[in-house]
Amino acid sequence: VGDSSFLLLCAVLKTRRETHFHIRGTRGRSAPHKPSLMPSSSSSSSCCLLVTLSNMAASMVRSCLRASRHGSCTLPGRTTRIRLPLRSRFHCSPSARGGLLLSLHKRGILKDSFPEDAAQDRLPRLLGSGAQTVYCGFDPTADSLHVGNLLAIIGLLHFRSAGHHVIAVLGGATAQIGDPSGKTTERERLSAAAAEANTRGIRESLQRIFANHELLFHDGPGRMGTATVLNNLSWYKDWSVVRFLSEAGRHFRMGTMLSRHSVQSRLRSADGMSLTEFTYQVFQAFDFHHLNQIYGCRIQLGGNDQLGNMMSGHEFIHKVSGEEVYGLTIPLVTSSVGDKLGKTAGNAVWLNRDKTSPFELYQFFLRQPDASVEGYLKLFTFLPLAEVERVMEQQREDPGKRLAHKRLAAEVTKLVHGKEGLESAKRCTNALYHSSVQALEEMSDEELQELFREAPFHELLLEPGTTVIDACRRVSAIPEGPKGYRMVSEGAVWINHRREDKPEQVLIPKLHILSNGLTLLRVGKRNFHIIKWLGI
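A quick note: this is a predicted structure, and the numbers were derived from the prediction, not measured.

Asker: Got a sec to walk through the packing of helix H4 (residues 147–161) against helix H5 (residues 192–216)? Specific residues and values, please.
Answerer: Remark: H4 packs on H5, axes separated minimally by 11 Å, with the N-to-C direction vectors making an angle of 45°. Here H4 lies oblique to H5, going by the angle between them. Of the two elements, H4 crosses H5, and the hand of that crossing is right-handed. On H5, the residues touching Leu-150, Ile-153, Leu-157, Arg-160 and Ser-161 of H4 are Leu-206, Ile-209, Phe-210, His-213 and Glu-214. Class assignment for the residues of the contact of H4 with H5 results in six nonpolar, two polar and two charged.

Take a look at the structure:
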């Protein structure tokens, strides 16, 4: 990969406390080869660690509030004060050109690193020493990932293309606890059954994207690394809460945990923080430790709001095994007005087809403002930076053609839904916005229903002599009686993008009924009906 050939210089970090962590360097080990695209099997049994701790929460929150007011946590026999490095910008010397980390930084995919001096020397040397294992976690709080998660997946894919092994960890266990990072209130409790169902949907999404990337985007000379999907419930289901606290809990210091930004912000809120959420960082840290022990994973990738949890993992692993591990953060993707592109922001664009169709995903990126397109081309596509610049130059020469927008939309849709998904998106675009009858004829029932999600879908038996007004009345598209007849006569009805003003006109195959047996009926501007004719 060439990472050993460059140096990265990290900026001095802003801090909240007065003393530093002292991080002792240790020897690493190479990551074992775990060739598997399929996820490991997970048990549907509930995790015995995920117990109700509400009786303990009140006392814990009171202690946390006292600690947050005084700025430290006093434990029996000792006082712990800790300074948190909150940010570490990537800076690089001229000798760093050509490396993977620098490339990702130039694209805007990497934001910070932990420990603060990791990007200067140790991490580039580790990546250059051979194939490493990188992981990123995804809690299944919904049955699909969304565009806000896509950048983390793309980060993994860049590492995989460079020959490193990647692991996507689905939080079948941790989703039932709830990550407090970036939240002002506690998440609603997620049942074990809901977490399992959501995990299935997200696993399908990840496997599809990994396969599309390997098939359609990887054309480099080197061999790709492996991609593995795991469920963290598989390693928690056999632990008891007593054993977990005895073996893992003793390595976590209260003062350090209370100092995390996600904890501090919640403790100052009116609702405070439950013990359940407070322990989330322990579980994420243990995930990293488990992957480090079993898969030799030494690098964690996550959103910038996960930096505190990454630090907990680093400290835990260092205490338990002495292994040196690293965290890399990616920026949070925001809309043009600065809102986070996540499902809780109310503007989610999902990665599963049953929630957001390929057409809707395509249109989402096609409609991005001009100011965002260049940045999104660097973030969400695998185009070389020189190609991005060439596309932007074409855009500047003729902005009306929106070539950059179309390229962005096409590349993302192809990654998420494959070539067939991209072709579907283009057919739907031509049918809806260019009134293409040919596109309508080529569309499947599924595509029509995706395109007109709010439109009723009707299956009707085609009887001889069926007229325009008959069809309209059979689907209740117009009122009964003279009013409905008048609506057709006055031109309020369109069939397959053609205005129909003759109520008694008999439906003609290939004109009113397309070769795929479908009719797209519109009354007024927005009232669509899809008719599937039977018996033809």
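Moving on from the coordinates now.
Asker: Mind laying out the side chain of Gln-132, listing which residues take part and the relevant values?
Answerer: Along the chain, Gln-132 falls in the loop between helix H3 (118–128) and strand S4 (133–138). Owing to a relative accessible area of 2%, Gln-132 belongs among the buried residues under this scheme. Here Leu-126 takes part through its backbone oxygen, which lies 3.3 Å from a polar atom of the side chain of Gln-132.

Asker: Quick one: what's the story with the sheet that holds strand S6 (residues 227–231), residue by residue and with numbers?
Answerer: The six strands lie next to each other as S3-S8-S7-S4-S5-S6, forming an open sheet whose pairing is mixed. Unpaired on one side and paired on the other, strand S3 (112–114) and S6 mark the two borders of the sheet. Taken pair by pair, the neighbouring strands of this sheet meet at an average axis angle of 25°, ignoring direction.

Asker: How would you explain the sheet that holds strand S13 (residues 527–534) if you had to name every residue and give the values?
Answerer: Taken in spatial order, the five strands make up an open sheet running S9-S13-S12-S10-S11, and their pairing is mixed. Where the open sheet ends on each side, the last strands, each with one partner, are strand S9 (457–461) and strand S11 (498–500). Each adjacent strand pair in this sheet contributes to an overall mean axis angle of 30°, direction not counted. Looking at chain direction, strand S10 (residues 493–495) and S11 are connected through three bridges and run antiparallel. By the bridge assignment, Trp-494 is partnered in S11 with Arg-499.

Calculation notes
- Residues numbered from 1 in each chain as written.
- Predicted model: local features only at pLDDT ≥ 70, side-chain atom pairs only at ≥ 80, totals over all residues.
- Heavy atoms only, no water.
- Axes fitted to C-alpha atoms, helices over the stretch in contact; angles between N-to-C directions.
- Helix = DSSP H or I, 4+ residues; strand = E, 2+ residues; numbered from the N terminus.
- Parallel < 35°, antiparallel > 145°, perpendicular 65-115°, else oblique.
- Left-handed = near helix turned anticlockwise from the far one by under 90°.
- Contact = heavy atoms within 4.5 Å.
- Nonpolar A, V, L, I, M, F, W, Y, C, P; charged D, E, K, R; others polar.
- Buried < 20%, exposed > 50% of the residue type's maximum accessible area, 1.4 Å probe, protein only.
- Polar contact = N/O pair within 3.5 Å; in protein donor to acceptor, adjacent residues only side chain to side chain.
- Pairing = 2+ DSSP bridges.

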